[in-house]
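# Inside the fold
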Amino acid sequence: MAITFYSEGVNIPKFRRREVSRWITDVAASYGREIGEVTYLFCDDEKILEMNNKYLGHDYYTDIITFGQGVDNLLFADIVISLDTVASNAEKYGQRFETELLRVIIHGILHLCGEDDLDDESEAKMRVAENRALSMLSEDQSEMWRK
């Protein structure tokens, strides 16, 4: 199992990598999956727009792109997250940045576990899955963040 975190053009948020990795692993396990190798790349809006355009043919900003596959029950992925869009979405939805970032971090894993958000119905199911995953954290999410 390997979960790694990188950044390009932004600082990696100051979360506790070991605790976040354990949580990601637990969420995957709740779907009967194991982490093979998952890499997160944190970037800005311009980088994610470039990647969205280049690899998916989409000419718009997004908070996350998940490039992944499952082999048997093992999950392998490169997950790209725009911290700019996470911040603007946190403001838009009245969430703390930290909570919105955790939601987006797990969103990519949920896609790999079979959840989708292509239409209103599946998007509603994805929100339930995200909330269920977030509820697996302790009530005090501050333990996930370094001071």
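Note that this is a predicted model, so its numbers are computed, not measured. (Residues numbered from 1 in each chain as written. Predicted model: local features only at pLDDT ≥ 70, side-chain atom pairs only at ≥ 80, totals over all residues. Heavy atoms only, no water.)

### Remarks on the packing of helix α3 (residues 83–93) against helix α4 (residues 97–112)
- Between α3 and α4, whose axes approach to 9 Å, the crossing angle comes to 120°. In terms of axis orientation, α3 runs oblique to α4. Two packed elements cross with a definite hand, and for α3 against α4 that hand is right-handed. Facing α3, whose interface residues are L83, V86, A87, N89 and A90, α4 presents F97, E100, L101 and V104. (Axes fitted to C-alpha atoms, helices over the stretch in contact; angles between N-to-C directions. Helix = DSSP H or I, 4+ residues; strand = E, 2+ residues; numbered from the N terminus. Parallel < 35°, antiparallel > 145°, perpendicular 65-115°, else oblique. Left-handed = near helix turned anticlockwise from the far one by under 90°. Contact = heavy atoms within 4.5 Å.)

### Describing the sheet that holds strand β3 (residues 64–71)
- The sheet built from 4 strands is open, its strands ordered β1-β2-β4-β3 with mixed pairing. Pairing within the sheet leaves two strands with one partner each, and these edge strands are β1 (2–7) and β3. Taken over all neighbouring pairs, the strand axes of this sheet differ in orientation by 10° on average, direction set aside.
- Across 9 bridges, the pairing between strand β2 (residues 34–43) and strand β4 (residues 74–82) is parallel. Residue pairing in the sheet places Y40 in a bridge with I79 of β4.
- Its contacts with the sheet place helix α2 (residues 45–56) against β2, β3 and β4, and it is angled at close to 50° to β3.
- Docked against the sheet, α3 engages β2 and β4, running at close to 75° with respect to β4. (Pairing = 2+ DSSP bridges.)

### Quick notes on the UniProt feature "binding site: Zn(2+)" (unreviewed entry) in the protein chain
- Annotation from UniProt places "binding site: Zn(2+)" (unreviewed entry) at H107, H111 and D117.
- Take H111: it is sitting in helix α4.
- If sequence neighbours within four positions are ignored, H111 has contacts with T66, D116, D117 and M126.
- Here the side chain of H111 touches H107 through a polar contact of 3.0 Å, side chain to side chain.
- Looking at the element boundaries, D117 is found in the loop between α4 and α5 (120–135).
- Of the residues examined, D117 reaches a relative accessible area of 22% and is grouped as partly exposed.
- Apart from the residues lying within four places of it in its own chain, the contact partners of D117 are H107, H111, S122, E123 and M126. (UniProt positions renumbered as here; feature names shortened; annotations may be inferred. Polar contact = N/O pair within 3.5 Å; in protein donor to acceptor, adjacent residues only side chain to side chain. Buried < 20%, exposed > 50% of the residue type's maximum accessible area, 1.4 Å probe, protein only.)

### Description of the confidence of the model for the protein chain
- Across the protein chain, pLDDT averages 93, with 95% of residues at or above 70.
- The element-level mean pLDDT for the protein chain is lowest in β3, coming to 91, with β2 highest at 98. (pLDDT = per-residue confidence, 0-100.)

### Quick notes on the nonpolar core
- Counting residues in hydrophobic clusters, the biggest one holds 36 residues, and the most contacted among them are W23, I24, Y40, F42, I81, I105 and I109.
- Of all the secondary-structure elements, those providing two or more residues to this core are β1, α1 (17–30), β2, β4, α3, α4 and α5.
- If you tally residues by element for this core, the top one is α4, at 8 residues.
- Contacts of Y40, omitting those with residues within four sequence positions, involve I3, T4, F5, Y6, I24, I79, I81, I105 and I109.
- Ranked by size, the runner-up nonpolar core spans 6 residues in total, among them C43, I48, M51 and V80. (Core = buried A, V, L, I, M, F, W, Y, C linked by side-chain atoms within 4.5 Å.)

### Concerning the pattern of salt bridges
- A complete count under the given rule lists 7 salt bridges for this structure.
- Across the pair K125 and E121 runs a salt bridge whose closest N-O atoms are separated by 3.7 Å. Within this pair, K125 and its partner E121 are both found in helix α5, separated by 4 residues, close to a single helical turn.
- The partner of R127 in a salt bridge is E130, with the nearest N and O atoms 2.8 Å apart. Of the two residues, R127 and E130 are both situated in helix α5; the distance of 3 residues between them amounts to about one turn of the helix.
- Where salt bridges share partners, they join R103, E123, R127 and E130 into one cluster. (Salt bridge = Lys/Arg side-chain N within 4 Å of Asp/Glu carboxyl O.)

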